[in-house]
Amino acid sequence: MQAFYADHFVLPLPSGHRFPMAKYARLRERLAAELPGVQLAQAMPASDGELALVHTPAYIDAISRGSLSAAAQREIGFPWSPAMAERARRSVGATLQACRSAMAGAGLAANLAGGTHHAYADKGSGFCVFNDFAVAARLMQAEHARMHRAREALRVAIIDLDVHQGNGTAHIFASDPSVFTLSLHGAKNFPFRKEPSDLDVELPDGCADTEYLEALEQALGELERRFEPGLVLYLAGADPHEGDRLGRLKLSFDGLEARDRRVMDWAWRRRLPLAFAMGGGYGHDLDDTVQVQINTYRTALEYVGHWHNAAA
Ligand SMILES: [Zn+2]
């Protein structure tokens, strides 16, 4: 399974900044040491043309040149620097490459970062600069149309299980019937003004494994009744974990592993390629966050094995 990283492009943060930038390198190092089935590759940057499938030229330009207002930088939560702009492009590029790999026959592939679901077409927010899933959905649709001269657009299901609502993604695809946005999230968590997804499931503070997995089961059932995708983009946020500083939910390691398995199994049974990204994760102990993510990769490798055996 291919997995793409961009953690060499470290953006300078003021000391004491609350974003856990170290988790990306730690995940890559542990994947390299523990899961040899994961083939790590450095992500290419997304181009202006790719970003413009979703983002306004003025916003892309402001990120590229560093002409964002102070207020816009505050809303993103990162100060602008050339490294910040480069990292944002690479983070989108990693998801694009993961989608291509999954769709080319691997079945599953991943971005070690990404899942930047708070970014809108014309602004960033909540540690998200560009919206990687939105750009990926549009680019895969364009490549699919070109390759197959297809009459029907590739239909993309976005399954967003980060603990925060995918507000940017929901807004971008609000009037696009070819992309289904599903978000399971904490009702009382950021963003406090949510955008309507095609399907939103709000969870109470303290929600634990059983309640969460039942809600997921119902949501996947409804997704299936309403939409027939050709590609799944899965945001496997680690922040519903009980050890998270920001999550407010109480999922265990086992509960999160069952969550990942349920989504990957759902996609596999329908033979749907699935690309996944890591999204949020703010553990009191960063090793807990990385452990949740490692477990996601371990489960994904099982399903890659199914795809491989089916092809052989
Ligand atoms: Zn989150």
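Before any of the text, the structure's been laid out above.
Below or above, wherever it landed, is the structure these notes cover. (Residues numbered from 1 in each chain as written. Predicted model: local features only at pLDDT ≥ 70, side-chain atom pairs only at ≥ 80, totals over all residues. Heavy atoms only, no water.)

## Here we look at the packing of aromatic side chains
Quick note on the threshold: Classification of ring pairs rests on two measures: the distance between centres of Phe, Tyr or Trp rings, Trp counted by its six-membered ring, which must be within 6.5 Å, and the angle between planes, read as stacked under 30 degrees, edge-to-face over 60 and tilted in between. Secondary structure elements follow DSSP: runs of H or I of four or more residues count as helices, runs of E of two or more count as strands, with numbering from the N terminus. Burial status follows relative accessibility: with a 1.4 Å probe on protein chains alone, a residue under 20% of its type maximum counts as buried, one over 50% as exposed, and anything between as partly exposed.
Tallied over the entire structure, the rule returns 11 aromatic pairs. Taking the centre distance of 6.2 Å and the plane angle of 90° together, the rings of Phe190 and Phe192 count as edge-to-face. On the numbers, 5.6 Å between centres and 65° between planes, the contact of Trp268 with Trp307 is edge-to-face. Of this pair, Trp268 sits in helix α9 (residues 253-269) while Trp307 sits in helix α10 (residues 286-311), and the two are 39 residues apart along the sequence. Residue Trp268 is classed as buried on the basis of its relative accessible area, which comes to 13%. Classification of Trp307 by relative accessible area gives buried; the value is 15%.

## Considerations on the side chain of Asp244
Selection rule: Under the counting rule used here, the positive set is Lys and Arg, the negative set is Asp and Glu, and His together with the chain ends is not counted. Here, a salt bridge means any side-chain nitrogen of Lys or Arg that lies within 4 Å of a carboxyl oxygen of Asp or Glu. Identification of polar contacts relies on pairs of N or O atoms within 3.5 Å, with a donor-acceptor requirement for protein atoms, meaning one able to donate a hydrogen and the other able to accept it, and with residues adjacent in sequence counted only if both atoms are side-chain atoms. By definition, residues are in contact when any of their heavy atoms lie within 4.5 Å.
Relative to the elements of secondary structure, Asp244 occurs in the loop between β7 (231-235) and α9. Notably, Asp244 is buried but unbridged: the nearest opposite-charge side chain belongs to Arg245, and the N-O separation is 6.8 Å. From its side chain, Asp244 meets the backbone nitrogen of Leu246 in a polar contact 2.9 Å long. If we ignore the near neighbours within four places in the chain, the residues touching Asp244 are Ala238, Asp239, Gly281, Tyr282, Gly283 and His284.

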